[in-house]
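Reading the structure
Below are the chains, spelled out letter by letter.
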Amino acid sequence: MRASDGDRDRVAAALREHYAQGRLTTEEFDERLEQLYTSKTYGELARLTSDLPDVDLQSLPEPVSRQPERSGKAKSGKGSGDLKEAWQAWAVVGAINWAIWFFTGLVGGLDFAYPWPLWVMGPWGMVLLVITMFSGSGRRDP
């Protein structure tokens, strides 16, 4: 019978546990992981752990899901947080560039040169604006 990704993840968790307990060397662990991800059936998976004692897989932490959640709102709010952090980085870098421009103008005898920070902030800001505008497309909160 064919094995699923979840089955392979459970065997990988068992192999990691055996490796952590010193039953497998690094080379054996790497070799078995390579075989694990090319295995297609339960029989191939069983051969990878046949010489090892049983591990209670229920006591191991749940493997990380490979599929992102498809809900309307992210549970952790990570997506909107990333966008907020990007805008904050843009503002900080812009403020630093304007401060440099201002202080070089003061040192130069109030000779403020061409406002070059616009070349830093402008394109970056436009990209962020487009990402912000389209990041919520197709998603409506109830």
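By convention here, each chain's residues receive numbers from 1 onward along its written sequence. Totals for whole chains, interfaces and linings use all residues, but because this is a predicted model, local features are given only for residues with pLDDT of at least 70 and pairs of side-chain atoms are given and counted only at 80 or more. The side-chain quantities take in all heavy atoms of the structure and omit both hydrogens and water.

**Some details on a negative patch on the surface**
Here, patches come from residues exposed beyond 30% relative accessible area and free of salt bridges, joined within 9 Å for like charges and within 5 Å for nonpolar side chains (Val, Leu, Ile, Met, Phe, Trp, Tyr). For accessible areas, the Shrake-Rupley method is used with a probe of radius 1.4 Å. Any residue's cover is judged against the shown protein chains and nothing else. By definition here, a salt bridge exists when the distance from a side-chain nitrogen of Lys or Arg to a carboxyl oxygen of Asp or Glu is within 4 Å. We score Asp and Glu as negative and Lys and Arg as positive, and we do not count His or the chain ends. A charge is said to be at NZ when it belongs to Lys, at CZ for Arg, at CG for Asp and at CD for Glu. A grouping of Glu27, Glu28, Asp30, Glu31 and Glu34 is seen on the molecular surface, where their side chains present a negatively charged patch. Here a helix means four or more residues in a row that DSSP labels H or I, a strand means two or more in a row labelled E, and each is numbered from the N terminus. Inspection of the secondary structure assignment puts Asp30 in helix H2 (residues 26–36).

**Digging into the environment of Leu45**
Within the secondary structure, Leu45 sits in helix H3 (residues 42–49). Between the alpha carbons of Leu45 and Arg32 there is a distance of 9.7 Å; along the sequence they are 13 residues apart. Should any heavy atoms of two residues lie within 4.5 Å, those residues are counted as being in contact. Those residues in contact with Leu45, other than ones at most four positions away along the chain, are Ala3, Asp7, Arg8, Val11, Leu36 and Ser39.

**Describing the side chain of Arg8**
Residue placement: Arg8 occurs in helix H1 (residues 5–20). Not counting residues up to four positions away in its chain, the partners in contact with Arg8 are Ala3, Leu36, Tyr37, Ser39, Lys40 and Leu45.

**Digging into the nonpolar core**
One broad trend across soluble globular proteins is that nonpolar side chains are buried collectively. Among buried residues, those of type Ala, Val, Leu, Ile, Met, Phe, Trp, Tyr and Cys that are joined through side-chain atoms within 4.5 Å constitute a nonpolar core. Buried residues are those whose accessible area, probed at 1.4 Å on protein chains only, stays under 20% of the maximum for their type, while exposed residues exceed 50% and partly exposed ones sit between those limits. Listed in full, the 11 residues of the largest apolar core are Ala3, Val11, Ala12, Leu15, Leu24, Phe29, Leu33, Leu36, Leu45, Leu48 and Leu52. Sorting the residues of this core by element identifies H1, H2 and H3 as the ones contributing at least two each. Once residues lying within four places of it in the same chain are set aside, the contact partners of Leu36 are Arg8, Val11, Ala12, Leu45 and Leu48.

**Overview of the packing of H1 against H2**
Relative to each other, H1 and H2 sit at 175°, their axes nearing to 11 Å. By the criterion of interaxial angle, the relationship of H1 to H2 is roughly antiparallel. Along the contact surface, H1 presents Arg8, Val11, Ala12, Leu15, Arg16 and Tyr19, while H2 presents Thr26, Phe29, Arg32, Leu33 and Leu36. The classification used treats Ala, Val, Leu, Ile, Met, Phe, Trp, Tyr, Cys and Pro as nonpolar, Asp, Glu, Lys and Arg as charged, and all other residues, Gly among them, as polar. Class assignment for the residues of the contact of H1 with H2 results in seven nonpolar, one polar and three charged. To get an axis, a line is fitted to the C-alpha atoms, and for a helix only the part in contact is used. The angle between two axes follows their N-to-C directions and goes from 0 to 180 degrees. Roughly parallel covers angles under 35 degrees, roughly antiparallel covers those over 145, roughly perpendicular covers 65 to 115, and oblique covers all other angles.

**Description of the pattern of salt bridges**
Applying the stated criterion to the full structure yields three salt bridges. The partner of Arg10 in a salt bridge is Asp7, and the shortest N-O contact between them spans 2.4 Å. Residue Arg10 and its partner Asp7 are both found in helix H1; the two are separated by three residues, about one turn of the helix. Residue Asp7 is classed as buried on the basis of its relative accessible area of 10%. In this structure, Arg32 engages Asp51 in a salt bridge whose closest nitrogen and oxygen atoms are separated by 2.9 Å. In this pair, Arg32 sits in helix H2 while Asp51 sits in the loop between H3 and helix H4 (78–107), placing the two residues 19 residues apart along the sequence. You can call Arg32 buried: its relative accessible area is 12%.

By themselves, these observations are geometric and do not establish any function.
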